[in-house]
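One letter stands for each residue in the lines below.
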Amino acid sequence: MDYQKLDLLCNRLIKCYQKMDDKAHYKTAPCSDEASIKAVEEHIGITLPKQLRDFFLHFSENFEMYAFLPDEFCDNLPKELKGIFAAQYVISLEEVESNEIIRRDWVTECFPDEED
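Conventions adopted
- Residues numbered from 1 in each chain as written.
- Predicted model: local features only at pLDDT ≥ 70, side-chain atom pairs only at ≥ 80, totals over all residues.
- Heavy atoms only, no water.
- Helix = DSSP H or I, 4+ residues; strand = E, 2+ residues; numbered from the N terminus.
- Rg over C-alpha atoms; globule rule 2.2 N^0.38 Å.
- Contact = heavy atoms within 4.5 Å.
- Lys, Arg positive; Asp, Glu negative; His and termini not counted.
- Charge placed at Lys NZ, Arg CZ, Asp CG, Glu CD.
- Pairing = 2+ DSSP bridges.
- Axes fitted to C-alpha atoms, helices over the stretch in contact; angles between N-to-C directions.
- Polar contact = N/O pair within 3.5 Å; in protein donor to acceptor, adjacent residues only side chain to side chain.
- pLDDT = per-residue confidence, 0-100.
- Buried < 20%, exposed > 50% of the residue type's maximum accessible area, 1.4 Å probe, protein only.
- Parallel < 35°, antiparallel > 145°, perpendicular 65-115°, else oblique.
- Nonpolar A, V, L, I, M, F, W, Y, C, P; charged D, E, K, R; others polar.
- Patch = residues over 30% accessible without salt bridge, like charges linked within 9 Å, V, L, I, M, F, W, Y side chains within 5 Å.
- Areas by Shrake-Rupley, 256 points an atom, 1.4 Å probe, with all protein chains shown as cover.
- Salt bridge = Lys/Arg side-chain N within 4 Å of Asp/Glu carboxyl O.

1. Regarding the overall build of the protein chain
If you tally the helices and strands in the protein chain, you get 5 helices and 3 strands. For 116 residues, the compact-globule estimate of 2.2 N^0.38 gives 13 Å, and the C-alpha radius of gyration of the protein chain, at 18 Å, exceeds that figure by more than 25%. Projected onto its principal axes, the C-alpha coordinates of the protein chain cover approximately 55 × 40 × 20 Å. In the protein chain, once contacts between residues fewer than 6 apart in sequence are set aside, the share between residues at least 24 apart is 72%. Computing the positive centroid from 13 side-chain charges and the negative centroid from 25, the protein chain places the two 11 Å apart.

2. Focus: the sheet that holds strand β3 (residues 86-92)
As a general point, the strands of a sheet are linked pairwise by backbone hydrogen bonds and lie either parallel or antiparallel. On the basis of which strands lie adjacent, the open sheet formed by 3 strands has the order β1-β2-β3 and antiparallel pairing. Among the strands making up the open sheet, the edge pair consists of β1 (25-28) and β3. The sheet shows a mean angle of 5 degrees between the axes of neighbouring strands, taken without regard to direction. Across the sheet, helix α1 (residues 3-18) touches β1, β2 (62-68) and β3, and the angle it forms with β2 is around 30 degrees.

3. Some remarks on the side chain of Glu-100
Along the chain, the position of Glu-100 falls in helix α5 (residues 93-110). Among the polar contacts made by the side chain of Glu-100, one reaches the side chain of Arg-103 at a distance of 2.7 Å.

4. Quick look at the confidence of the model for the protein chain
When pLDDT is averaged along the protein chain, the result is 92, and 100% of the positions lie at 70 or above. Across the protein chain, the element-wise mean pLDDT spans from 78 in helix α4 (residues 71-74) up to 98 in helix α3 (residues 50-58).

5. Quick notes on the side chain of Glu-41
For Glu-41, the position within the fold is in helix α2 (residues 34-44). The buried category is assigned to Glu-41, whose relative accessible area is 7%. Contacts of Glu-41, omitting those with residues within four sequence positions, involve Ile-46, Thr-47, Leu-48 and Arg-53.

6. As for the packing of α2 against α5
At a minimum axis separation of 10 Å, α2 and α5 run at an interaxial angle of 0 degrees. Between α2 and α5, the interaxial angle falls into the category roughly parallel. Counting all contacts with α2, which are made through Ser-36, Ile-37, Val-40, His-43 and Ile-44, the residues of α5 involved are Leu-93, Val-96, Glu-97, Glu-100, Ile-101 and Arg-104. Within the contact of α2 with α5, the residues separate by chemical class into 6 nonpolar, 2 polar and 3 charged.

7. Observations regarding a negative patch on the surface
A cluster of like negative charges, contributed by Asp-113, Glu-114, Glu-115 and Asp-116, occupies part of the molecular surface. Within the secondary structure layout, Asp-116 lies in the segment after α5. Overall, the relative accessible area of 82% leaves Asp-116 in the exposed class.

In structure tokens:
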């Protein structure tokens, strides 16, 4: 993955959104390290996929992008197109860990008897 190109494209995209909505933002945190990733993997008992590990190691430990077109712009669109011009992404090592714990709790709550 060319992370430099990804960063360039994300910056271009967010600049377009910011022309219409000053709340749009894109930010990244510093890269993670192997020890932090290993700690999360051990805590959740899963080895992260190579692509995700590489993302955290070589691009960012926390990637966020929020961008929405203003309501007045969307009001003039056909209803089939409303809501598709939005970007809301969060990819973070912390979120991977917390979402896996939430998923497991949900499974335990919904399926308390594995034999059922």
